[in-house]
Structure formats: structure tokens, C-alpha cells
Amino acid sequence: MPVVDDTTIDFDTIERLFFAYRDFVSDPDAILAKIGYGRAHHRVVYFVSRRPGMTVADLLGILQITKQSLARVLKELIDSGYIRQIAGPADRRQRRLYSTLAGRELALALSQPQSLRISRALEGFTPEMREAVKRFLEGMTQTPAAGEPQTSGDE
């Protein structure tokens, strides 16, 4: 292990991010637990609902997971009637994903408490402050950790 000067580490922000994430996912986790699903199901339902007609390849790129990791979760969501998979019009091998009405309702039910949490956290912020929060979050997704390759950020 390399020697690290721990005075250069922003432990305060790291802890705040850990706690924010814990609480941000707690409400959807509780809803998902009632139907036997987890965070992987949440991510799939969310992105398919937000981007109707996306391909399986698109979803794999956004989630940055393998086909094997996605296969079980996607099959469960299709079998449960939350997602439809339709062959592409030009290439029948291409699989396009769509939320069913139940899938859209689930995605909204999972997002609603998260949106409320965000609204409460941003209460009293000026438009400039809200923009700074967005820039910070975008920066977090685009800045690689030390030694990691830079991604395109187009996901």
C-alpha cells in the first residue's frame, strides 16, 4: 500500500456523501424490499423509464456493468411485468427496453421520496447555489479517482 498523507483527504465531505447516499437510497430500498427487489432493480427501472426505447447495450453502458450482471435483474423485471423488451425495427437482434405502466408507476414511486429529499435539502438555495450543486455532482461523475481512466461522461 502506498503511503498517503491523510491531511490531504477531505474526510468531512466523504462522510457527508456516505450519509447522503445512505439516506437518499433508504426510501426506495424500503419500497423495493416489499416486492423482493434491490438497488440493481431500481437502477434498471429508473433508466428504462427515463429513456424509453433504450437498447440493452445503452443500459449496460450507463450502468457500467456486464451482460451477466444485468441479465438476471432484467429477466425478473420483464417476468414481473415492469419492463417490455422489443426487437429493434432495423436489427431484430437489437433489444429495446420500455417501461410498462406498472414499471413507470414503480419508477415514480421510487423517485418521489428522493425528489422530496432533494427539494428539502435545496430549500432556501438561490438559483446560483442550485447550479453550483449541479456542477459539483457533475464534477463528481466526471472526475476519475487516482489511477483510473477518464470516461467520456456521455452516459
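Rules behind the numbers
- Residues numbered from 1 in each chain as written.
- Predicted model: local features only at pLDDT ≥ 70, side-chain atom pairs only at ≥ 80, totals over all residues.
- Heavy atoms only, no water.
- Axes fitted to C-alpha atoms, helices over the stretch in contact; angles between N-to-C directions.
- Helix = DSSP H or I, 4+ residues; strand = E, 2+ residues; numbered from the N terminus.
- Parallel < 35°, antiparallel > 145°, perpendicular 65-115°, else oblique.
- Left-handed = near helix turned anticlockwise from the far one by under 90°.
- Contact = heavy atoms within 4.5 Å.
- Nonpolar A, V, L, I, M, F, W, Y, C, P; charged D, E, K, R; others polar.
- Pairing = 2+ DSSP bridges.
- Core = buried A, V, L, I, M, F, W, Y, C linked by side-chain atoms within 4.5 Å.
- Buried < 20%, exposed > 50% of the residue type's maximum accessible area, 1.4 Å probe, protein only.
- UniProt positions renumbered as here; feature names shortened; annotations may be inferred.

As recorded in an unreviewed UniProt entry, the protein chain goes by MarR family transcriptional regulator and comes from Ciceribacter lividus.

Colleague: Would you mind showing me how to read the packing of helix H2 (residues 39-50) against helix H3 (residues 56-63) here?
Modeller: Two measures define how a pair of helices packs: the angle their axes make with one another and the distance between the axes. One way to put it is that H2 packs onto H3 with a least axis distance of 11 Å and a crossing angle of 125°. Taken as axis vectors, H2 and H3 run oblique relative to one another. When you trace H2 past H3, the crossing you get is right-handed. Residues Arg43, Val44, Phe47 and Val48 of H2 form the contact with H3, whose participating residues are Leu59, Ile62 and Leu63. Looking at the contact of H2 with H3, its residues break down into 6 nonpolar, no polar and 1 charged.

Colleague: I'm lost on the pairing of strand S3 (residues 95-99) in this one. Help?
Modeller: Residues in a regular strand point their side chains to alternate faces of the sheet. One ladder, built from 2 bridges, connects strand S1 (residues 54-55) with S3; its direction is antiparallel. Paired with Thr55 across the two strands is Arg96, which belongs to S3. Bridge count between strand S2 (residues 83-87) and S3: 5 bridges; the pairing is antiparallel. In the strand pairing of S3, Gln85 is matched with Leu97.

Colleague: How should the nonpolar core be read in this particular structure?
Modeller: Most often, soluble globular proteins keep nonpolar side chains buried together rather than apart. Within the largest apolar cluster, 21 residues are counted, with the highest numbers of intra-cluster contacts made by Val44, Leu59, Leu77, Ile83 and Leu97. Elements that contribute at least two residues to this core include exactly H2, H3, helix H4 (67-79) and helix H5 (101-121). No other element matches H3, which puts 5 residues into this core. Val44 has contacts with Leu59, Leu63, Leu70, Val73, Leu74, Leu77 and Ile83, leaving out every residue within four places of it along the chain.

Colleague: What is the right way to read the UniProt feature "domain: HTH marR-type" (unreviewed entry) in the protein chain from this model?
Modeller: On the UniProt side, "domain: HTH marR-type" (unreviewed entry) is annotated at positions that read residues 7-142 here. End C-alpha atoms of residues 7-142 are separated by 24 Å, and the span's content is 69% helix alongside 9% strand.

Colleague: Can you walk me through the environment of Ala107 in this structure?
Modeller: Its place among the elements puts Ala107 in helix H5. Using a relative accessible area of 6% as the deciding quantity, one classes Ala107 as buried. Separated by 88 residues in sequence, Ala107 and Phe19 have C-alpha atoms that sit 23 Å apart. Setting aside anything within four residues of it in sequence, one finds Ala107 in contact with Val45 and Ser49.

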